[in-house]
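Below are the chains, spelled out letter by letter.
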Amino acid sequence: MHFAQRIAAVIITLGLSASLAGCGFYLKGTNPTAAPLAYQKLNLVLPKKTDELEKQLSVYLAASGVQLSNANDAYTLRVLEYTPRRQLLNGKLTEVLLRLTVTFQIEDHQGNPITAPRTLTAARSYQYDLATVNTENQEESYLDHIVIDDIAQQIARQIAANRLPKITPQSTSN
């Protein structure tokens, strides 16, 4: 009986350990999405009417270990272009294509670009029948939020993984 209790304890311990690893648990200091030291402090500079993107970026960057700061030693994440598009395709059903294109770069303390501009695009679409009662406005509003959230996640992942191409001295002399 004593041997069976030991086996049960080992099996329970292994099962609990596997479930912790499976749910994404990790010890502090080993976060696989931690930002590189160069971008630990970032200042966000976005165009007007992009409050939703700024809010989502703040959430995802903070979650990946980036401290948002207006300090002089903080790098700047500058959104150079923010272009939402809405395309309407008419047919038997009406299809709406929502697309958001964002171009950004990281700059140093003096405003000189460190990374090459990176352009990201996210798109969603939905269909509806004009003959039926629909909730087009609510669906479009919801999908707009999804598209912005997708772009914010892409930017945060690329910064956290340090996947942004750095500018070489030859490319800045042009």
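Residues numbered from 1 in each chain as written. Predicted model: local features only at pLDDT ≥ 70, side-chain atom pairs only at ≥ 80, totals over all residues. Heavy atoms only, no water.

Engineer: An account of the overall build of the protein chain is needed here, citing residue identities and associated values.
Structural biologist: The number of helices and strands found in the protein chain is four helices and five strands. For the protein chain, the sequential pattern of α-helices and β-strands runs α-β-α-β-β-β-β-α-α. Counting every position in the protein chain, which comprises 174 residues, the buried fraction comes to 32%. The long-range share in the protein chain, meaning contacts at least 24 apart out of those at least 6 apart in sequence, stands at 68%. For the protein chain, the accessible area works out to roughly 11300 Å², and carbon and sulfur atoms hold 56% of it. (Helix = DSSP H or I, 4+ residues; strand = E, 2+ residues; numbered from the N terminus. Buried < 20%, exposed > 50% of the residue type's maximum accessible area, 1.4 Å probe, protein only. Contact = heavy atoms within 4.5 Å. Areas by Shrake-Rupley, 256 points an atom, 1.4 Å probe, with all protein chains shown as cover.)

Engineer: Report on the nonpolar core, specifying residues and quantitative values.
Structural biologist: Judged by nonpolar contacts, the single largest core of 25 residues is most densely connected at Leu53, Leu57, Leu61, Leu77, Ile151, Ile155 and Ile159. Elements with a minimum of two residues in this core: strand S1 (41-45), helix H2 (51-63), strand S3 (75-89), strand S4 (94-107), strand S5 (118-128) and helix H3 (136-160). Here the element with the most residues in this core is H3; it accounts for seven residues. Non-local contacts of Ile155, meaning those with residues more than four positions away in its chain, are made with Leu57, Leu77, Val102, Phe104 and Leu120. Listed in part, the five residues of the second largest apolar core include Leu98, Tyr126, Tyr128 and Leu143. (Core = buried A, V, L, I, M, F, W, Y, C linked by side-chain atoms within 4.5 Å.)

Engineer: How would you explain the confidence of the model for the protein chain if you had to name every residue and give the values?
Structural biologist: Across the protein chain, the average pLDDT comes to 83, with 83% of residues at or above 70. Summarising per-element confidence for the protein chain, the mean pLDDT is lowest in helix H4 (residues 169-172) (54) and highest in H2 (94). (pLDDT = per-residue confidence, 0-100.)

Engineer: So what about unusual backbone geometry? Which residues, and what values?
Structural biologist: Glycine aside, a negative phi is what most residues show, and trans is what most peptide bonds show. One non-glycine residue, Lys49, lies in the positive phi region at around 65°. Among the structural elements, Lys49 can be located in the loop between S1 and H2. A relative accessible area of 80% means that Lys49 is categorised as exposed.

Engineer: Explain a nonpolar patch on the surface residue by residue, including any values.
Structural biologist: Taken together, the side chains of Phe3, Ile7 and Ile11 present a nonpolar region at the surface, about 340 Å² in accessible area. Within the element layout of this structure, Ile7 appears in helix H1 (residues 2-22). The partly exposed category is assigned to Ile7, whose relative accessible area is 40%. (Patch = residues over 30% accessible without salt bridge, like charges linked within 9 Å, V, L, I, M, F, W, Y side chains within 5 Å. Salt bridge = Lys/Arg side-chain N within 4 Å of Asp/Glu carboxyl O.)

Engineer: An account of H2 is needed here, citing residue identities and associated values.
Structural biologist: Given a rise of 1.5 Å per residue, 13 residues ought to cover 18 Å, and the 18 Å separating the end C-alpha atoms of H2 matches this to within 8%. Every buried residue of H2 is listed here: Leu53, Gln56, Leu57 and Leu61. Projected down its long axis, H2 shows its buried positions confined to an angular sector of 125°, all on one face. Of the exposed residues in H2, those oriented more than 90 degrees away from the buried face are Asp51 and Ala63. Of the residues flanking the end of H2, it is Gly65, one or two places downstream, whose phi is positive at about 100°. (Expected span 1.5 Å × (residues − 1). Arc of directions from axis to C-beta.)

Engineer: An account of the pairing of S4 is needed here, citing residue identities and associated values.
Structural biologist: Along S4, 12 of the 14 residues are buried, which leaves the element largely enclosed by surrounding structure. One ladder, built from 13 bridges, connects S3 with S4; its direction is antiparallel. Paired with Arg86 across the bridge in S4 is Leu98. (Pairing = 2+ DSSP bridges.)

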